[in-house]
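Residue-level structure breakdown
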Amino acid sequence: MPTLRRLYRFLRLVLHVLSGVMLILFRMGPNPEHYHQRDWRIICGWMVTLCRILGLRVTVTGEPVAGPALFVANHISWQDIVVLQSLAPTGFVAKHEIRGWPLIGWMAHRGATLFIRRGKRESMQQLKDAMASRLQARQSLLIFPEGTTTHGHTIKPFRTRLFEPAIEMNLPIQPVAVHYSCKDKVCKDLAFIGEEHFVAHAWRMLGEKQVEVLVHFCEPVDARGRDRRELGQLAQMKIVQTLGGRLDALPASLVSMNELSFDSDSKN
């Protein structure tokens, strides 16, 4: 049964990707920085259908803020992007390697993704400038401040350098909590971590009967009068509090987690 499910979904996925290419070429604007409401409706609608093809059943609580904002979410899998972009018109920040992936990199770019070369100071500044330009164009952005994916059982310390463009523009920062489960149990193999190849992980996920995804848009945090470390602390705490009942292992207290966030951030 999983094999037949994979083949059926794979065929649907190929057709859906082709439809996405046609939409990008003939119905969307050429520059993501200048996307209008119609472009975002196309992106969100395409992602909604992709969720269905992948067997992702999404339950949402809370609402994304209207207008430009910086969303910050915990990070478990590449599927986070599919789910979150089906719910809110927002671009993403991703590692530069994805830009070079055949077809996927091009579609990610046209889907309003910004890319960063890790470990290069000039790339970080270029990314901040690009983020500021998007925010000034009244577009929202979403980042994963853990800097990597996890199994979802704990929240890693937040890196907060990419909070700066939103702080400088006094824009709201909205934490977003994401949780996956299958048949009332945590799907530990859903996480895209380690050295697993994207294609292998995607093929494995196509065999899942149905995956429940819970997304909670927390109350936004006002950036005015706060520095990036304090904002990172508040955003992290809101996500931890939201997922607290679903995390297998939390630090001894939120205070200890926040202290860890400050220590880590001082090195970044």
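See the structure printed just above.
Residues numbered from 1 in each chain as written. Predicted model: local features only at pLDDT ≥ 70, side-chain atom pairs only at ≥ 80, totals over all residues. Heavy atoms only, no water.

With respect to the pairing of strand β4 (residues 113-116)
The cut-off we apply is this: Throughout, exposure labels follow a simple rule: accessible area from a 1.4 Å probe, protein chains only, divided by the maximum for the residue type, with under 20% read as buried, over 50% as exposed, and the rest as partly exposed. Strands here mean DSSP runs of E at least two residues long; helices mean DSSP runs of H or I at least four residues long; both are numbered from the N terminus. Pairing between two strands requires that DSSP report at least two bridges joining them. Call a crossover right-handed when, viewed with both strands pointing away from you, the route from the first strand across the helix to the second goes clockwise.
Neither face of β4 is exposed, since Thr113 and Phe115 on one face and Leu114 and Ile116 on the opposite face are all buried. Where strand β3 (residues 90-95) lies against β4, four bridges are found, and the strand directions are parallel. Within β4, the residue paired with alanine 94 across the bridge is phenylalanine 115. Assessed by its sense of winding, the connection that carries the chain from β3 through helix α4 (residues 104-110) to β4 is right-handed.

Details of the sheet that holds strand β5 (residues 140-143)
The cut-off we apply is this: Here an axis means a line fitted to C-alpha atoms, over the contact stretch when the element is a helix, while the angle between two N-to-C directions is reported on a 0 to 180 degree scale. By the convention used here, residues are in contact when the closest approach between their heavy atoms is within 4.5 Å.
With respect to topology, seven strands assemble into an open sheet ordered β1-β7-β6-β2-β5-β3-β4, the strand pairing being mixed. Each end of this open sheet is capped by a strand with a single partner; those strands are β1 (56-61) and β4. The average undirected angle you get between the axes of adjacent strands in this sheet is 25°. Against the sheet, helix α3 (residues 79-87) makes contact with β1, β2 (70-73), β3, β5, β6 (173-181) and β7 (211-217), and its axis sits at roughly 125° relative to β6, the strand it touches most. The strands touched by helix α8 (residues 228-243) are β2, β6 and β7; relative to β6, the strand with the most contacts, the crossing angle is about 30°.

Let's talk about the packing of aromatic side chains
Note the following rule: Centres within 6.5 Å are what make two rings of Phe, Tyr or Trp a pair, Trp counting through its six-membered ring; a difference in plane orientation under 30 degrees is then read as stacked, over 60 as edge-to-face, and the rest as tilted.
A complete count under the given rule lists seven aromatic pairs for this structure. Between tryptophan 101 and phenylalanine 198 the ring centres are 5.2 Å apart and the planes differ by 40°, which places this aromatic pair in the tilted class. You can see tryptophan 101 sitting in the loop between β3 and α4 and its partner phenylalanine 198 sitting in helix α7 (residues 198-205), a full 97 residues away along the chain. Classification of tryptophan 101 as partly exposed rests on a relative accessible area of 26%. Taken together, a centroid distance of 6.3 Å and an interplanar angle of 75° make the contact between phenylalanine 192 and phenylalanine 198 edge-to-face. Each member of the pair, phenylalanine 192 as well as phenylalanine 198, carries the same accessibility label: buried. Following the ring pairs from residue to residue traces out a cluster consisting of Trp78, Trp101, Phe192 and Phe198.

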